[in-house]
Amino acid sequence: QVQLVESGGTLVQAGGSLRLSCAASGRTFSTYVMGWFRQAPGKEREFVAAINWSGSNTIYADSVKGRFTISRDNAKTVYLQMNSLKPEDTAVYYCAARPNIIVIFANQWNYWGQGTQVTVSS
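Residues numbered from 1 in each chain as written. Predicted model: local features only at pLDDT ≥ 70, side-chain atom pairs only at ≥ 80, totals over all residues. Heavy atoms only, no water.

Under the defined criterion, the tally for this structure stands at 1 disulfide. Sulfur-sulfur distance for the disulfide between Cys22 and Cys95 comes to 2.1 Å. Here the S-S torsion is close to -80°, and the disulfide linking Cys22 with Cys95 is therefore left-handed. In this pair, Cys22 is assigned in strand 3 (residues 18-25) and Cys95 in strand 9 (residues 91-99), connecting sequence segments 73 residues apart. Per residue, the accessibility class of Cys22 equals that of Cys95, and both read buried. (Disulfide = S-S within 2.5 Å. Helix = DSSP H or I, 4+ residues; strand = E, 2+ residues; numbered from the N terminus. Buried < 20%, exposed > 50% of the residue type's maximum accessible area, 1.4 Å probe, protein only.)

As structure tokens, then:
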């Protein structure tokens, strides 16, 4: 079992930066793939980024590539560094976990946090 708690969401101006954190608990965290998704009002939840268990492999949605960076540490925390933020990045950001391999479809992830709101003003 894995429990996830996100933090770091806030209001930020366009062009600014923000770092989200996801604290994970559970003995199998170190073997899980971790990911970030986001959901804007009236839209479906979409993939943002994911990282494998060792941190050696990461993938990003095209919309955030070059601006966002996902990372993880041995203290059971996953981060999403967001730079050059745009108003279209406004959404609730969710941390997710699943075993084994990275996939980009939300319905294939097993565990979810409660979400943290990111609002980017123009």
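The structure having been displayed, the exposition proceeds.
One pass over the structure, following the stated rule, counts 4 salt bridges. The partner of Asp89 in a salt bridge is Arg38, and the shortest N-O contact between them spans 2.9 Å. A residue pair is termed long-range when its members are at least 10 positions apart, and Asp89 in the loop between strand 8 (77-82) and strand 9 and Arg38 in strand 4 (residues 32-39) qualify at 51 residues. Each member of the pair Asp89 and Arg38 is classed as buried. Residues Lys65 and Asp62 are paired through a salt bridge, measuring 3.1 Å at the closest nitrogen-oxygen approach. For Asp62, a relative accessible area of 67% translates into the label exposed. Through salt bridges with shared partners, a single ionic network connects Arg38, Glu46, Arg67 and Asp89. (Salt bridge = Lys/Arg side-chain N within 4 Å of Asp/Glu carboxyl O.)

The phi angle at Ser84 is positive, at roughly 50°, despite the residue not being glycine. Here Ser84 lies in the loop between strand 8 and strand 9. A positive phi angle is found at Asn100, which is not glycine, with a value near 75°. By the secondary structure assignment, Asn100 is in the loop between strand 9 and strand 10 (111-112). The exposure class assigned to Asn100 is exposed, which follows from its relative accessible area of 63%.

This paragraph deals with the packing of aromatic side chains. Following the criterion strictly, the structure yields 5 aromatic pairs and no others. Put simply, the rings of Phe37, Phe47, Tyr94, Trp109 and Trp112 pair up and form one aromatic cluster. The lysine or arginine in question, Arg45, covers the ring of Tyr94, its NZ or CZ lying 3.7 Å from the ring centre. (Phe/Tyr/Trp six-rings, centres within 6.5 Å; stacked < 30°, edge-to-face > 60°. Lys NZ or Arg CZ within 6 Å of the ring centre and 35° of its normal.)

With 7 of its 8 residues buried, strand 4 lies for the most part within the structure. Sheet topology note: the strand 4/strand 9 ladder contains 8 bridges and is antiparallel. Across the sheet, the residue bridging to Gln39 is Val92, located in strand 9. Across 5 bridges, the pairing between strand 4 and strand 5 (residues 46-51) is antiparallel. In the sheet register, Met34 faces strand 5, and the bridge partner there is Ile51. In this structure, the hairpin formed by strand 4 and strand 5 is closed by a connection of 6 residues, where Gly42 is found at a positive phi of approximately 80°. (Pairing = 2+ DSSP bridges.)

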